[in-house]
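Architecture and fold: a report
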Amino acid sequence: MGTLIMTLSVNLAYAQFRPTVFTPVEYKPQSTDYSILERSFQAQENRSNMAYQKYSELAQLIGEKRQRISNDRETLEWFSNNIDTKLKDVKVSLNVGDYQGAIESATRAIGDINSNTELIRRIQTYEEYQNIVRYIQERTDLSYQQKQEWMELYKYKFVPILNAEGKVIGAYDWKEIGGPNYTRVVLP
């Protein structure tokens, strides 16, 4: 077998030379697109503002409810353990920068406080007590001593009504249980 060798030869004499004309293109450096980062910072700032707004709203609600309950030790302890803690929970979320968690926590806490049966009844029974005390204080047919004796005998107390699970579902009216040994209140 023979070897077939092929040679490739280029004849430069017949080659056509076509020069390319250089046309300069103006270079316009693109600025970095910060819009995504900017939107992210804006969204975080919005969440932060909303979280602090909800925190303030919750703090104001708790302050308003606190003004409407009795100042007796038992009521203040209950309020501190059950209502004030909700504000502390939101504050913890704010301190770690969990703004969405703080918003959700505050929103849930506001709803819980506004629908808390025990808090509602504590406020109602205390208002009932205050109205009767005001009535006694305004009476002119009673001496100062009689008024003081009545107030010592009939102090504010809260007696909850519990369901089978031990949850507060209401409370007895103060007029029904405000006397000594949980007897009915007797007006002079």
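Residues numbered from 1 in each chain as written. Predicted model: local features only at pLDDT ≥ 70, side-chain atom pairs only at ≥ 80, totals over all residues. Heavy atoms only, no water.

A closer look at helix H2 (residues 73–95)
Where we set the bar: Secondary structure elements follow DSSP: runs of H or I no shorter than four residues count as helices, runs of E no shorter than two count as strands, and numbering proceeds from the N terminus. Each helix should span, by expectation, one fewer than its residue count multiplied by 1.5 Å. The bend reported for a residue corresponds to the angle between axes fitted to the seven residues ending at that residue and the seven starting there. Partly exposed describes any residue whose relative accessible area lies between the buried limit of under 20% and the exposed limit of over 50%, with all areas from a 1.4 Å probe on protein chains only and scaled to the type maximum. Residues are treated as being in contact if the distance between any of their heavy atoms lies within 4.5 Å.
Taking 1.5 Å per residue, 23 residues should reach 33 Å; H2 reaches 31 Å between its end C-alpha atoms and fits that length. By the largest-angle criterion, aspartate 84 marks the main kink of H2, which is about 40°. Three or more residues of H2 are buried, namely Thr75, Trp78, Phe79, Ile83, Lys86, Leu87, Val90, Ser93 and Leu94. Summarising the contacts, the buried residues of H2 are in contact with helix H1 (35–67), helix H3 (99–114) and helix H4 (117–138). At the C-terminal side of H2, glycine 97 shows a positive phi close to 85°.

Section: the side chain of arginine 122
Among the structural elements, arginine 122 can be located in helix H4. Judged by relative accessible area, which is 2%, arginine 122 ranks as buried. Once residues within four sequence positions are removed from consideration, arginine 122 is found in contact with Glu74, Thr75, Trp78, Tyr156 and Phe158.

Quick look at the packing of aromatic side chains
Operational definition: Only rings of Phe, Tyr and Trp enter the pairing, Trp through its six-membered ring, and a pair is recorded when the two centres are within 6.5 Å. The plane angle decides the type: under 30 degrees is stacked, over 60 is edge-to-face, the rest tilted. Only lysine NZ and arginine CZ atoms are considered, and such an atom sits over a ring when it is within 6 Å of the ring centre and within 35 degrees of the ring normal.
Scanning all chains against the criterion turns up eight aromatic pairs. With a centroid separation of 6.4 Å and 70° between ring planes, the pair formed by tryptophan 150 and tryptophan 174 is classed as edge-to-face. Of this pair, tryptophan 150 sits in helix H5 (residues 144–153) while tryptophan 174 is found in helix H6 (residues 174–177), placing the two residues 24 residues apart along the sequence. With respect to class, tryptophan 150 is no different from tryptophan 174; both count as buried. Pairwise contacts between aromatic rings join Tyr126, Tyr129, Trp150, Tyr154, Tyr156 and Trp174 into one cluster. Above the ring of tyrosine 55, the side-chain terminus of lysine 91 is found at 5.4 Å from the ring centroid.

Things to note about unusual backbone geometry
One non-glycine residue, asparagine 181, adopts positive backbone phi at about 55°. With respect to the helices, strands and loops of the structure, asparagine 181 is situated in the segment after H6. Given a relative accessible area of 75%, asparagine 181 falls into the exposed group. Although it is not a glycine, tyrosine 182 sits at a positive phi angle of roughly 60°. Assignment of secondary structure puts tyrosine 182 in the segment after H6.

Some points on H1
Between its terminal C-alpha atoms H1 stretches 48 Å, which fits the 48 Å expected from 33 residues at 1.5 Å a residue. Among the residues of H1, those classed as buried are Ser48, Ala51, Lys54, Tyr55, Leu58, Leu61, Ile62 and Lys65. Considering only its buried residues, H1 is in contact with H2, H3 and H4.

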